[in-house]
Amino acid sequence: MLDDFFVRALLVGIGMALVTGPLGCFVVWRRLSFFGDTLAHSALLGVTLSYTTEINMALSVFVISSIVALILLKLQKKTNLPADALLGLLAHSSLAIGLVVIGLLATIRFDLMGLLFGDILAVNVNDIAVVWIGGAIILIVLKIIWKPLFASTVNYELAEAEGMNPEKYNAIFTILLAAIIAISIKMVGLLLITGMLIIPAAMARNLSDNPNQMVIFSIIGGLLSVIIGLFASLEINTPSGPSIITSGLILFILSLTKIKKKSQLNN
Amino acid sequence: MTNKNDTLVKLENAGVLVNDKWLVRGVSLEIKKGKIITLIGPNGSGKSTTAKITLGLYKKIEGSVEKFTDKIAYVPQKINIDWTLPIRVNDFMNLTSTLKNNEIDSALEITGTPHLKNKDLKSLSGGEFQRVLMARAIAKKPELLVLDEPVQGVDFNGEIALYELIKKISDTLNCGILLISHNLHVVMSKTDHVVCLNGHVCCSGTPLDVANNEKYQELFGKDISKILSVYEHSHDHIHKIDGTIEKKEN
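The paragraphs below set out a description of the structure included in this document.

How each quantity is defined
Residues numbered from 1 in each chain as written. Chains lettered and ligands numbered in written order. Predicted model: local features only at pLDDT ≥ 70, side-chain atom pairs only at ≥ 80, totals over all residues. Contact = placed C-beta atoms within 7 Å. Helix = DSSP H or I, 4+ residues; strand = E, 2+ residues; numbered from the N terminus. Nonpolar A, V, L, I, M, F, W, Y, C, P; charged D, E, K, R; others polar. Pairing = 2+ DSSP bridges. Axes fitted to C-alpha atoms, helices over the stretch in contact; angles between N-to-C directions. Buried ≥ 20, exposed ≤ 12 C-beta atoms within 10 Å, placed from the backbone. Right-handed = clockwise from strand over helix to strand, strands pointing away.

1. Notes on the interface of chain A and chain B
In step 1: Facing the 19 residues of chain A at the interface are 19 residues of chain B.
In step 2: Looking at the side of chain A that touches chain B, the elements that each hand over two or more residues are α1 (5–29), α6 (125–154), α7 (156–161) and α10 (211–235) of chain A.
In step 3: Per-element accounting of the side of chain A that touches chain B gives the leading share, 5 residues, to α7(A).
In step 4: Across the side of chain A that touches chain B, the residue classes tally to 10 nonpolar, 4 polar and 5 charged.

2. Looking at the sheet that holds strand β6 (residues 144–148) of chain B
Backbone hydrogen bonds are what pair the strands of a sheet, in a parallel or an antiparallel way.
All names here are of chain B.
In step 1: If you trace the 6 strands from one edge of the open sheet to the other, you get β5-β6-β7-β3-β8-β9, paired in mixed fashion. The strands lining the two open edges of the sheet, one partner per strand, are β5 (72–75) and β9 (201–205). If you compare each strand with its neighbour and ignore which way they point, the axes differ by 10° on average.
In step 2: Here β6 runs beside strand β7 (residues 176–180); their pairing, made up of 5 bridges, is parallel. Residue Leu 144 lies in a different strand from β7, and its bridge partner there is Gly 176.
In step 3: The strands touched by helix α4 (residues 126–139) are β5 and β6; relative to β5, the strand with the most contacts, the crossing angle is about 175°.

3. Overview of the environment of Lys168(A)
All names here are of chain A.
In step 1: Residue position: Lys 168 is located in helix α8 (residues 166–188).
In step 2: Exposure remark for Lys 168: the 13 C-beta atoms within 10 Å place this residue in the partly exposed category.
In step 3: For the pair Lys 168 and Pro 148, spaced 20 residues apart in sequence, the C-alpha separation works out to 9.5 Å.

4. Focus on the pairing of β7(B)
All names here are of chain B.
In step 1: Counting buried residues along β7, 5 of its 5 residues qualify, which places the element largely inside the surrounding structure.
In step 2: With burial as the criterion, each face of β7 is covered, one bearing Gly 176, Leu 178 and Ile 180 and the other bearing Ile 177 and Leu 179.
In step 3: Handedness of the crossover is the feature at issue here: the chain leaves β6, passes through helix α5 (residues 156–173), returns alongside β7, and the resulting connection is right-handed.

Printed below as a string of C-alpha cells:
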C-alpha cells in the first residue's frame with residue numbers, strides 16, 4: 001500500500017494536519033502568523049545547510065529555525081524596533097543568505113520550486129516516519145504545556161503572577177513551531193507552510209465559541225484541506241501543495257457564511 | 001513552606017527603576033494570613049507597581065521581595081482579551097488551575113454572576129467582567145490574593161457588596177489580601193493596615209492613624225480625609241447586597 005505515491009502523500013498530509021491544527025490555533029491567538037513566515041523563510045538556509053553538510057534536512061531546518069527564533073527573542077529585548085520590523089529583517093536576510101549560499105553552490109542541482117512550494121507527491125517512507133514520529137512528539141509536548149501556554153496567551157501577567165512561568169513556555173512553543181516547519185517543509189514548501197498553520201485555524205475561529213472547539217475544527221479543516229487538495233491535484237492535475245492551501249481557503253470562505261448567521265441572531 | 005509569623009510576602013525597601021525613572025521606591029510591607037492591606041495614593045504613585053513587585057512580575061528590583069506561598073491569585077487592573085481567542089467565562093475560570101464544576105458554580109454564585117458561565121468573555125460589560133475576575137481568583141482558594149482596583153465599573157451598591165465580600169473572603173479562606181483602591185472611605189473600614197503611597201511610602205498604619213496623618217491629609221486634601229474619618233467613626237450599619245442599610249446592634 002505504501003508503494004503508491006498517492007497513499008504516501010495522503011499519510012504525510014494527514015499527519016501534518018493533525019499537528020498544524022492545534023499549533024495553528026496558537027499562532028492565530030498569539031498573532032504569530034508573520035513570525036511563522038519568518039521561521040519558514042529562514043528554513044531555506046537550513047535546506048542549503050543540509051545540502052552542503054549532508055545532514056538530514058528536517059534536522060538542519062529545525063536547528064536554523066530555532067536559532068532564528070531565539071535571535072528574535074533576544075533582539076526584541078535589546079532593541080526598540082517593533083516586532084514586525086524585526087521579523088521582516090530576519091525573514092528577508094535569512095532568505096537572502098540562503099539564496100546567496102545556493103549561488104555559491106552552483107555545482108549542485110537545486111529544485112528551487114520544490115523548495116518553495118513543496119512536493120508532497122514525492123515523499124518516501126522515511127518522510128512519513130519523520131512526520132508521524134516528529135508530529136507525535138510535538139503533540140505530546142504541546143499537550144503537556146497546554147495549560148500554562150494557554151494561560152500566558154490569554155494574559156501574560158496573570159499567568160506569571162500565578163506561577164505559570166510564561167517565558168519558559170513561550171520559548172518551548174517557539175521551538176515547537178520551528179519543529180513543525182522543519183518536518184513539513186518538504187511537503188508544502190516554505191512559502192505555503194504558514195498557510196497550512198493559519199487558514200484552518202482561521203476557518204475554525206469562525207465556527208467556534210471556545211478554545212477546545214476551535215482546535216478540533218482546526219484539525220478537521222486541515223484534514224479536509226489535505227484530502228480535497230490531494231484528490232483535486234490528482235484529478236485535475238494541479239500542483240499538490242498549492243491545491244491543499246486553496247482547498248483550505250475555500251473552506252474558510254464557506255465558514256464565513258456561518259459567522260454571518262451568528263451575528264444576525266445576536267442582533 | 002511554613003513560617004512562624006504567618007507571613008505570606010515580605011517587601012523590604014523595594015523599588016523599580018524603569019527607563020531611569022523610579023516608579024516607586026523604598027516600599028516595605030508585610031502581608032500576613034487573614035489580614036487585609038490596602039494601598040492608597042494618587043494616580044501614578046506606584047500602587048500597581050507595588051502590587052506587581054509583590055507578585056514578582058519585575059525581574060530587576062531594588063531591595064528584596066520574599067514569597068512564602070505559591071498559592072496566589074491576582075485580579076489585575078485591566079485585562080484585554082484578544083478577539084481572535086474564543087473563550088467563555090467557564091474556560092476563563094480554569095485558566096491557571098483545574099477546578100471542579102461545583103467550585104466554579106459556587107464562586108460565580110458568590111460574586112452574583114452564575115448566569116454568565118457560558119457567555120463569551122468578550123460579551124461581558126466592564127462590571128460583569130470585574131466580578132468574573134473576582135470569582136476566578138476566589139475559586140482558586142489562594143493564600144495570597146492581590147486585588148488591583150477590583151471594583152472598577154461595578155455600580156455603587158455592587159461595589160459595597162464586593163468590599164463586604166473581600167472582607168468575607170479574607171475571613172473564610174484566612175488568606176492575606178493586598179488591595180488597591182480609589183474609593184478610600186469604603187475601603188478603609190475593612191482594612192487592617194493602610195499604606196499610603198506617593199512614589200514612596202508617604203505614611204502607613206491603621207486606617208485611623210493614616211487618616212489623621214498630616215501627610216495623608218496634604219496628599220488628598222482635608223475634605224476627603226474628613227469624610228474618611230467620619231466614616232470610620234460612624235460605621236454603625238451594614239450595607240446589604242441589595243443596597244439597603246441595616247443598623248448594627250451595639
